[in-house]
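Observations on the model geometry
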Amino acid sequence: MKFEVKIMASIVHRNNRFLVVHYEHDISGKNKQKWETYRTLADAKRRKAEIEHRQELGALDVPTCKTVNDLLKEYISLYGKATWSLSVFSSNSRLIKNYISPIIGKMDLCEISPRILEKYYQQLLKTPAVSHVTQKRGAKASSFVQPATVCKIHSLLRSAFNQAVKWELMEKNPAIHATVPKAVPQKREVWDAETIFLALDVCDDARLKLAINLAFACSMRIGEILGLTWDCVDFSPKSIADGTASIMITKELQRVDKTAMKSLEQKDVLFIFPQSSKRNTSMLVLKKPKTESSVRKVFIPATVAHQLESWKREQERTKEALGGEYTDYNLVLANGLGHPMERTRIAALLNALIEKNDLPKVVFHSLRHSSITYKLQLTGGDIKSVQGDSGHAQAQMVTDQYAHIMDKNRKNNAALFEEAFYRGKDPTSQEASPTVNPTLPSGIDPSLLKKISDNPDLLKILSAIAGSL
């Protein structure tokens with residue numbers, strides 16, 4: 001809010017601090033004195049010059065936020081509530097509470113510089129970590145804050161300071177030029193098609209088997225699988241025959257913090273499941289997917305459609321047998337009494353399957369990774385079609401996360417060059433051109449057949465699928 005200024009600003013030296021004193025008229029017209037404290041004379045002079053410069057322009061923007069804590073409170077109220085999802089709100093609130101406010105929260109905004117931030121980031125690396133922020137349940141405790149968490153804090157501060165600049169509370173964003181500790185991304189282990197179908201063969205839990213198939217065939221996130229309802233599934237005989245059996249992904253199951261629910265006024269929440277105890281600090285909800293692009297239609301293989309059909313019949317028999325004891329929320333993956341299954345339960349079932357059958361250790365999300373990887377291979381790198389299945393907001397997110405799958409193709413390129421150029425073969429000659437089998441059945445694309453036969457990964461997938469029919 002802008003106020004007219006009547007007199008110049010002045011600097012007062014008191015108790016090793018420098019006070020910038022200026023006056024302004026508030027909305028009621030009363031003369032009001034403002035005192036701002038700075039540690040150095042240079043900072044005080046800089047602020048005095050800023051006030052006088054704006055005074056010459058005839059107006060003064062009086063800051064309503066003095067410290068980092070003041071800014072973050074305003075930032076959450078005006079920016080966070082309008083733009084953050086429930087999970088982001090909870091995560092950022094914990095970062096502020098545990099790592100920002102206790103260390104730099106009381107510092108004046110004018111004191112924050114790239115140098116101060118860099119010292120703060122280095123201090124964080126020596127700060128004991130708060131377990132529920134930096135690690136998942138059941139993981140080994142980490143003694144100090146990790147670089148990945150520092151990067152999240154930096155992104156949060158950069159966004160907050162950017163808003164402060166827009167609100168004219170700061171002259172520039174100090175986080176832009178601050179150096180952040182480099183976080184080395186952890187390589188996620190994934191299963192190949194052969195391992196996935198081996199796991200399906202030895203899996204004796206129908207719910208886990210269905211979840212694995214949906215993650216692999218439909219590139220679905222675990223929250224999307226657990227939030228799937230029968231009204232969003234089309235496995236009618238006609239759609240299966242036409243190859244149009246599909247799943248419409250419109251929601252996801254998520255456990256959310258009650259404080260976040262209250263602060264965001266149940267933002268994006270479609271349904272709240274009854275609580276087992278009022279003392280719980282969180283609750284299970286069905287909510288809108290994380291982005292608009294996550295709302296999508298995914299076509300499913302006939303084998304998976306038949307599996308869904310079979311599971312639906314089994315679920316109907318269970319409901320009939322239990323009668324009123326079964327609570328019907330229309331969930332595809334419900335437990336024996338109809339209640340939602342949580343991702344921790346699926347993770348536990350998967351870990352038990354891995355340990356029992358000595359399979360490579362992976363997390364459930366790796367199955368979605370495998371799905372997208374193979375779809376890129378099967379489509380010859382058709383990023384847009386794969387993006388439509390995965391629900392990524394941008395095509396670049398697909399290429400950035402899954403570009404490593406092209407390594408095998410690059411190795412093939414080297415082998416092709418060796419065969420074509422370094423062994424005396426002319427790649428333009430008729431001899432080097434692929435021959436077409438004249439006895440192929442009609443409707444078969446020879447180039448596609450050759451592509452499949454030259455790719456051992458595709459042959460593994462097709463062989464595994466054929467064996468499961």
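Small disclaimer: the values here were computed from a predicted structure and weren't measured.

Now for the overall build of the protein. Looking only at helices and strands, one finds 19 helices and eleven strands in the protein. Burial analysis of the protein (469 residues in total) assigns 39% to the buried set. Sequence-distant contacts in the protein: of pairs separated by 6 or more residues, those separated by 24 or more amount to 63%. Looking at the protein as shown, the accessible area adds up to about 27,200 Å², and 53% of this sits on carbon and sulfur atoms.

Mapped onto the fold, glutamate 224 is located in helix H9 (residues 222-226). What glutamate 224 contacts, discounting residues up to four positions off in sequence, is Ile249, Lys251, Glu252, Ser294 and Arg296.

Quick look at the sheet that holds strand E9 (residues 269-272) now. Two orientations exist for strands paired in a sheet by backbone hydrogen bonds: parallel and antiparallel. Read across the sheet, three strands follow the order E8-E10-E9 without closing on themselves; strand pairing throughout is antiparallel. Among the strands making up the open sheet, the edge pair consists of strand E8 (252-257) and E9. Taken over all neighbouring pairs, the strand axes of this sheet differ in orientation by 40 degrees on average, direction set aside.

Moving on to the pattern of salt bridges. Evaluated as defined, the whole model comprises eleven salt bridges. Here arginine 221 makes a salt bridge to glutamate 224, at a shortest N to O gap of 2.7 Å. Both residues of the pair, arginine 221 and glutamate 224, belong to the buried class. One salt bridge connects lysine 287 with glutamate 252, and the closest N-O pair in it is separated by 3.3 Å.

A word on the pairing of strand E10 (residues 282-287). In terms of burial, E10 is a largely internal element, six of the six residues being buried. By the alternation rule, side chains of E10 split into Ser282, Leu284 and Leu286 and Met283, Val285 and Lys287, which are all buried. Sheet analysis places E8 next to E10, joined by six bridges and oriented antiparallel. Bridge pairing in E10 places leucine 253 opposite leucine 286. Bridge analysis of E9 against E10 gives three bridges, and the strand direction is antiparallel.

Right, let's talk about the confidence of the model for the protein for a bit. Confidence in the prediction of the protein, expressed as mean pLDDT, is 82, and 77% of residues score 70 or more. Considering only residues more than four positions removed or in separate chains, one finds that residues 1-6, a stretch of pLDDT under 50, has 22 contacts. Overall, residues 432-444 carries pLDDT values under 50, and its contacts beyond four positions in sequence, including any with other chains, amount to seven contacts.

Among all positions of helix H4 (residues 114-124), only Leu117, Tyr120, Tyr121 and Leu124 are buried. Take H4 and look down its axis: the buried residues cluster within an arc of 100 degrees, on one side only.

Here the focus is a nonpolar patch on the surface. Residues Phe417, Phe421 and Tyr422 make up a contiguous nonpolar surface patch of about 400 Å² in total accessible area. Within the fold, phenylalanine 417 resides in helix H17 (residues 406-421).

All right, on to the packing of aromatic side chains then. Summed over the entire model, instances satisfying the criterion amount to ten aromatic pairs. Plain terms: the ring middles of phenylalanine 197 and phenylalanine 216 are 6.0 Å apart, the flat faces sit at 85 degrees to each other, and that makes the pair edge-to-face. A residue pair is termed long-range when its members are at least 10 positions apart, and phenylalanine 197 in helix H7 (residues 193-202) and phenylalanine 216 in helix H8 (residues 206-218) qualify at 19 residues. Residue classification places phenylalanine 216 among the buried residues on the basis of a relative accessible area of 13%. Where phenylalanine 216 meets tyrosine 374, the ring centres are 6.2 Å apart and the plane angle is 85 degrees; that geometry is what we call edge-to-face. With phenylalanine 216 in helix H8 and tyrosine 374 in helix H14 (residues 365-378), the pair connects residues that are 158 residues apart, well separated along the chain.

In this model, glutamate 168 sits at a positive phi of 60 degrees, which is unusual for a non-glycine residue. Position of glutamate 168 among the secondary structure elements: in the loop between helix H6 (147-166) and H7. Note on glutamate 168: relative accessible area 36%, which makes it partly exposed. Located in the positive-phi region is glutamine 266, a residue other than glycine, with phi close to 60 degrees. Assignment of secondary structure puts glutamine 266 in the loop between helix H11 (258-263) and E9. Classification of glutamine 266 as partly exposed rests on a relative accessible area of 44%.

Another point: the packing of H8 against helix H12 (residues 302-322). Between H8 and H12, the shortest axis-to-axis distance is 11 Å and the interhelical angle comes to 150 degrees. As the angle between them shows, H8 and H12 are arranged roughly antiparallel. Two packed elements cross with a definite hand, and for H8 against H12 that hand is left-handed. Each of Ala206, Arg207, Lys209, Leu210, Asn213, Leu214 and Ala217 in H8 lies in contact with H12, whose residues at this interface are Val304, Gln307, Leu308 and Trp311.

All right, on to the sheet that holds strand E6 (residues 233-234) then. Judged by pairing direction, the sheet is antiparallel, and its three strands sit side by side in the order E6-E7-E11 without closing on themselves. Strands at the two margins of the open sheet, each flanked by one partner only, are E6 and strand E11 (296-299). With two bridges joining them, E6 and strand E7 (residues 246-249) adopt antiparallel strand pairing. The partner of aspartate 234 across the bridge, within E7, is serine 246.

Turning our eyes to something else, we now look at the nonpolar core. Ranked by size, the top nonpolar core spans 56 residues in total, and within it Trp191, Leu214, Ile247, Leu308 and Phe364 carry the most contacts. Top contributing element to this core by residue count: H8, with nine residues. What isoleucine 247 contacts, discounting residues up to four positions off in sequence, is Leu214, Cys218, Met220, Leu228, Cys232, Val233, Arg296, Lys297, Val298, Ile300 and Leu308. Grouped together as the second largest cluster of nonpolar side chains are 41 residues, Val68, Ile96, Leu157 and Ala160 included.

Attention shifts here to the packing of H4 against H6. Two elements in contact, H4 and H6, have axes separated by 10 Å at closest approach and are oriented at 150 degrees. Our classification of the angle between H4 and H6 gives roughly antiparallel. When the axes of H4 and H6 are compared, the crossing they make is right-handed. Two secondary-structure elements touch here, H4 through Leu117, Tyr120, Tyr121 and Leu124 and H6 through Val150, Ile153, His154, Leu157 and Phe161. In terms of residue class, the contact of H4 with H6 is made up of eight nonpolar, one polar and no charged.

Reading the values: rules and limits
- Residues numbered from 1 in each chain as written.
- Predicted model: local features only at pLDDT ≥ 70, side-chain atom pairs only at ≥ 80, totals over all residues.
- Heavy atoms only, no water.
- Helix = DSSP H or I, 4+ residues; strand = E, 2+ residues; numbered from the N terminus.
- Buried < 20%, exposed > 50% of the residue type's maximum accessible area, 1.4 Å probe, protein only.
- Contact = heavy atoms within 4.5 Å.
- Areas by Shrake-Rupley, 256 points an atom, 1.4 Å probe, with all protein chains shown as cover.
- Pairing = 2+ DSSP bridges.
- Axes fitted to C-alpha atoms, helices over the stretch in contact; angles between N-to-C directions.
- Salt bridge = Lys/Arg side-chain N within 4 Å of Asp/Glu carboxyl O.
- pLDDT = per-residue confidence, 0-100.
- Arc of directions from axis to C-beta.
- Patch = residues over 30% accessible without salt bridge, like charges linked within 9 Å, V, L, I, M, F, W, Y side chains within 5 Å.
- Phe/Tyr/Trp six-rings, centres within 6.5 Å; stacked < 30°, edge-to-face > 60°.
- Parallel < 35°, antiparallel > 145°, perpendicular 65-115°, else oblique.
- Left-handed = near helix turned anticlockwise from the far one by under 90°.
- Core = buried A, V, L, I, M, F, W, Y, C linked by side-chain atoms within 4.5 Å.
- Nonpolar A, V, L, I, M, F, W, Y, C, P; charged D, E, K, R; others polar.

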